[in-house]
Amino acid sequence: MPISRKDLAAAGSPEALVKRILQAEPNLPLPVPIQELCARLGILRIEDLDTAGFEGGLVTDAKRSEGTILAKPGGEPRRRFTIAHELGHFLMAHHVPDQPGRFMCKNSDLLRVKAKEGDQRQRREVEANRFASLMLMPPHLLREAMAAFPEPGLQHVLALARDFGVGKETAARAYVQYHPERIAIVVAGNGRVQRCYRSLSFPDITCAVGGPVPVHSLYHGDPHRPDIASDIAACSPDLWIDVKRDLRVPVLYEQVYRQQNGFAMILLRLEPVPEESAEERRLEEGWRHRFHSGRR
Ligand SMILES: [Zn+2]
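Residues numbered from 1 in each chain as written. Predicted model: local features only at pLDDT ≥ 70, side-chain atom pairs only at ≥ 80, totals over all residues. Heavy atoms only, no water.

**A word on the nonpolar core**
Item 1. Counting 56 residues, the largest nonpolar core has L87 and M135 as the members making the most contacts within it.
Item 2. Ranked by the residues each element gives to this core, the list is headed by helix α3 (residues 76-91), at 6 residues.
Item 3. In this structure M135 touches V18, I21, L22, L28, V32, I34 and L37, once residues within four positions along its chain are discounted.
Item 4. Of all hydrophobic cores here, the second largest spans 19 residues; its members include A184, V186, W240 and V256. (Core = buried A, V, L, I, M, F, W, Y, C linked by side-chain atoms within 4.5 Å. Buried < 20%, exposed > 50% of the residue type's maximum accessible area, 1.4 Å probe, protein only. Helix = DSSP H or I, 4+ residues; strand = E, 2+ residues; numbered from the N terminus. Contact = heavy atoms within 4.5 Å.)

Quick look at the structure:
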């Protein structure tokens with residue numbers, strides 16, 4: 001592995017950093033050897049972290065001459081993400097820790113995908129997460145892996161998680177972002193919506209975070225075999241999205257994956273609405289105009 005810190009000069013954003021690393025390491029194997037990369041880039045040690053309430057940490061100096069990463073012991077995919085996140089803090093010189101020389105990150109930091117405007121702490125956590133995700137799931141390898149199965153499906157998310165050595169939720173987040181179709185993945189815990197990830201073209205999900213999974217969702221349907229993705233089935237779109245009355249009702253599909261520990265993912269897929277024929281639209285607009293103007 002020939003990369004060194006010199007290869008990263010002047011790269012400040014997560015995207016620029018990962019680009020440089022991938023240029024220096026064009027043949028990275030999967031899962032990405034994150035610990036070896038750390039060693040090459042100035043991390044001297046990776047140690048267990050046992051401070052309650054924290055998932056990861058980084059001990060370093062302002063110049064970032066070297067660093068020690070702390071990661072909570074536990075499942076390997078989770079630990080790999082924590083290590084990559086802390087490496088991100090280490091490589092982004094503009095990240096300033098709360099206390100001098102020491103970053104400490106909670107589970108909520110490692111899940112953060114959006115920052116409140118002006119909140120520098122949240123912003124740096126979001127950047128470290130972007131770095132971790134791009135580093136562990138390099139875009140060119142992810143696209144290549146996804147091209148093998150164009151139809152959306154949670155079984156593919158599970159395969160990506162396995163092959164890239166990341167958690168299922170990390171894989172789900174990247175999956176919706178890179179998939180060309182209008183899809184979303186809702187993460188639920190013990191029957192409650194916890195987080196929603198959606199592609200840019202997927203509409204807002206109307207279910208409140210923290211609220212129950214809708215009663216008529218496939219989630220509550222036939223007992224699902226644990227740890228296996230269900231079949232895909234059409235559902236009523238207003239379970240999840242706001243259906244405008246004057247537009248054609250879109251077709252929405254659900255697929256459910258449930259684990260025995262209460263974790264679940266629900267894939268939502270919006271079928272593309274076929275383009276109406278010009279004649280149809282003209283007629284429809286004519287009717288609507290008459291209706292609104294009250295003429296007969
Ligand atoms: Zn952090």
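After that view, the rundown keeps rolling.
**A word on the coordination of the zinc ion**
Any two of four tetrahedral donors ideally make an angle of 109.5 degrees at the metal, while pairs among six octahedral donors ideally make 90 or 180 degrees.
Item 1. Looking at the zinc ion, one finds its protein donor set to be H85 (NE2), H89 (NE2), C105 (SG) and E125 (OE), positioned 2.0 to 2.2 Å from the metal centre.
Item 2. One can describe the site at the zinc ion as tetrahedral: its 4 donor atoms subtend angles covering 91 to 127° at the metal. (Donors = N, O, S within 2.8 Å, 3.2 Å for Na, K, Ca; no water. Tetrahedral: all angles 85-135°; square planar, octahedral: opposite > 155°, others 65-115°.)

**Looking at the sheet that holds strand β5 (residues 183-189)**
Item 1. One open sheet holds the 5 strands; their spatial order is β6-β5-β9-β8-β7, and the pairing between them is antiparallel. A single partner strand is all that each edge strand has here, and the edge strands are β6 (192-198) and β7 (233-235). Each adjacent strand pair in this sheet contributes to an overall mean axis angle of 30°, direction not counted.
Item 2. With 7 bridges connecting them, β5 and strand β9 (residues 263-270) associate as antiparallel partners. Its bridge partner being in β9, G189 is matched across the sheet by F263.
Item 3. Along the sheet face, helix α8 (residues 168-178) touches β5, β6, β8 (252-258) and β9 and points at about 160° away from the line of β5. (Pairing = 2+ DSSP bridges. Axes fitted to C-alpha atoms, helices over the stretch in contact; angles between N-to-C directions.)

**Some points on the domain arrangement of the protein**
Item 1. Along its sequence, the protein is carved into domain 1 (5-136) and domain 2 (139-270).
Item 2. Relative placement of domain 1 and domain 2: their C-alpha centres are 28 Å apart.
Item 3. Between domain 1 and domain 2, the contact holds 12 residues from the first and 14 residues from the second.
Item 4. Roughly 1100 Å² is buried in total at the junction of domain 1 and domain 2, and carbon and sulfur atoms are behind 66% of that figure.
Item 5. Summed over the shared surface of domain 1 and domain 2, the result is 0 salt bridges. (Domains from an automatic or database assignment. Buried area = accessible area lost by both parts, 1.4 Å probe. Salt bridge = Lys/Arg side-chain N within 4 Å of Asp/Glu carboxyl O.)

**Here's the deal with the pairing of β9**
Side chains on a regular strand alternate between the two faces of the sheet.
Item 1. Of all 8 residues that make up β9, 8 are buried, and the element is covered over most of its length.
Item 2. Burial of the side chains of β9 extends over both faces: F263, M265, L267 and R269 are buried on one face and A264, I266, L268 and L270 on the other.
Item 3. Here β8 runs beside β9; their pairing, made up of 7 bridges, is antiparallel. Looking at the pairing, R258 lines up with A264 of β9.

**Some details on the packing of helix α7 (residues 154-164) against α8**
Item 1. With their axes 8 Å apart at the nearest point, α7 and α8 run at an angle of 115° to one another. The two elements α7 and α8 cross, and the hand of that crossing is right-handed. Here H156, V157, L158, L160 and A161 of α7 come into contact with α8, specifically with K168, A171, A172 and Y175.
Item 2. When grouped by side-chain class, the residues that make up the contact of α7 with α8 number 7 nonpolar, 1 polar and 1 charged. (Left-handed = near helix turned anticlockwise from the far one by under 90°. Nonpolar A, V, L, I, M, F, W, Y, C, P; charged D, E, K, R; others polar.)

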